[in-house]
Amino acid sequence: MTSKNQTGVAAFFLLGLSGDSELQPFLFGLFLTMYLVTVLGNLLIFLAISSDSHLHTPMYFFLSNLSFTDICFSTTTVPKMLMNIQTQSKTISYTGCLTQVCFLMIFAGMENFLLAAMAYDRYVAICQPLRYTVIMNSHLCGLLILLSLLISLMDALLHSLMILRLSFCTDREIPHFFCELAQVIKLACSNTLVNNILTYLLSILGGVTFLGIIFSYTEIVSSILRIPSAGGMYKAFSTCGSHLSVVFLFYGTAFGVYISSAVTHFSKKTAVASVMYTVVPPMMNPFIYSLRNRDMKGALKKLL
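Residues numbered from 1 in each chain as written. Predicted model: local features only at pLDDT ≥ 70, side-chain atom pairs only at ≥ 80, totals over all residues. Heavy atoms only, no water.

### Some points on the overall build of the protein chain
Then comes step 1: Scanning the protein chain for helices and strands turns up 11 helices and 3 strands.
Then comes step 2: Considering only contacts within the protein chain whose residues lie at least 6 apart along the sequence, 80% involve residues at least 24 apart.
Then comes step 3: Surface summary for the protein chain: the accessible area is close to 15,400 Å², and the carbon and sulfur share equals 70%. (Helix = DSSP H or I, 4+ residues; strand = E, 2+ residues; numbered from the N terminus. Contact = heavy atoms within 4.5 Å. Areas by Shrake-Rupley, 256 points an atom, 1.4 Å probe, with all protein chains shown as cover.)

Right, here's the structure in full:
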């Protein structure tokens, strides 16, 4: 396809997971089910924590925000995909694509920071239990959420503004079911040096929070191993087991997407890998926390 410079872009084309028309009903049913499970599961977690006064603690405060973020994260991508499958259309408007990129970055950033905040909460609870209520007070928890939101908003808006200055070619096919930042930048005909630098800075920011999580759990494990009783060790491990599972799920799938996109040249494989990053973690988080946590089970029973 010839690539001519085009400053005014009407729409992009989302190639999705498969162009096979016979497979579309199956994909529609699969992703509709996953989306409904994600929304219902995270909404139940959010309502259970809000309605049970025993769960008004820093750990569950961060968890309720994570559940809300997961709902928004999935809502940014899946409904548009379902609509495209249903209408047999692959188009997304330029404004819609840019909006999707912006909100994806906001909620992905929020998820990243919330997981780091939850790791810090577990670090204080296990390594400095006597000072827990003093350190993890309501002001600090609110400040962490506010800072996470502000940094995510600033980062997303900066990237969105940098995309606005780009001109695009006639080849506007995105090999995903949503508008991913890196894929949109690849389609630009103009100089993308600034955009690529900002993308690398974003990766560094994500790496810093991930290193913070690793440091927190390194200290947690070393503290747990010093506990003399096996029962005490098990109880300490159980308090952070759910969060650790979510961390592995989120970062493991995210790293898998970028490794697969770097190694393979098959766009369909990259699109399938992106499902593991954007759809699966938000769906699995409620199950991980409700199945492994006695307090959450009790709160959900009361709610239902």
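After that view of the structure, there is still more to cover.
### A short note on the state of the cysteines
Here is the idea: a disulfide is a covalent bond, and it sits between the sulfur atoms of two cysteines.
Then comes step 1: Following the criterion strictly, the structure yields 1 disulfide and no others.
Then comes step 2: What pairs with C97 in a disulfide is C179, and their sulfur atoms sit 2.1 Å apart. Disulfide C97-C179: the torsion about the S-S bond is -125°, which places it as left-handed. Taken together, the positions of C97 in helix α3 (residues 94-127) and C179 in the loop between β3 (173-174) and α6 (181-186) put the pair 82 residues apart, joining distant regions of the chain. We note that C97, like C179, is buried. (Disulfide = S-S within 2.5 Å. Buried < 20%, exposed > 50% of the residue type's maximum accessible area, 1.4 Å probe, protein only.)

### Concerning the UniProt feature "transmembrane region" (unreviewed entry) in the protein chain
Then comes step 1: In the numbering adopted here, UniProt assigns the feature "transmembrane region" (unreviewed entry) to residues 29-48, 60-78, 98-120, 132-154, 197-215, 236-259 and 271-291.
Then comes step 2: Secondary structure across residues 29-48 divides into 100% helix and 0% strand, with the first and last C-alpha atoms of the span separated by 28 Å.
Then comes step 3: Measuring from the first to the last C-alpha atom of residues 60-78 gives 27 Å, for a span that is 100% helix and 0% strand. (UniProt positions renumbered as here; feature names shortened; annotations may be inferred.)

### Considering the pattern of salt bridges
Then comes step 1: Going through the model one piece at a time under the given rule, you end up with 2 salt bridges.
Then comes step 2: In this structure, K302 and D52 form a salt bridge, with 3.9 Å as the shortest nitrogen-oxygen distance. Of this pair, K302 sits in helix α11 (residues 294-303) while D52 sits in the loop between α1 (24-51) and α2 (58-87), and the two are 250 residues apart along the sequence.
Then comes step 3: Judged by relative accessible area, K302 falls into the exposed class, the value being 63%.
Then comes step 4: Looking at D52, the relative accessible area reads 10%, which means it is buried. (Salt bridge = Lys/Arg side-chain N within 4 Å of Asp/Glu carboxyl O.)

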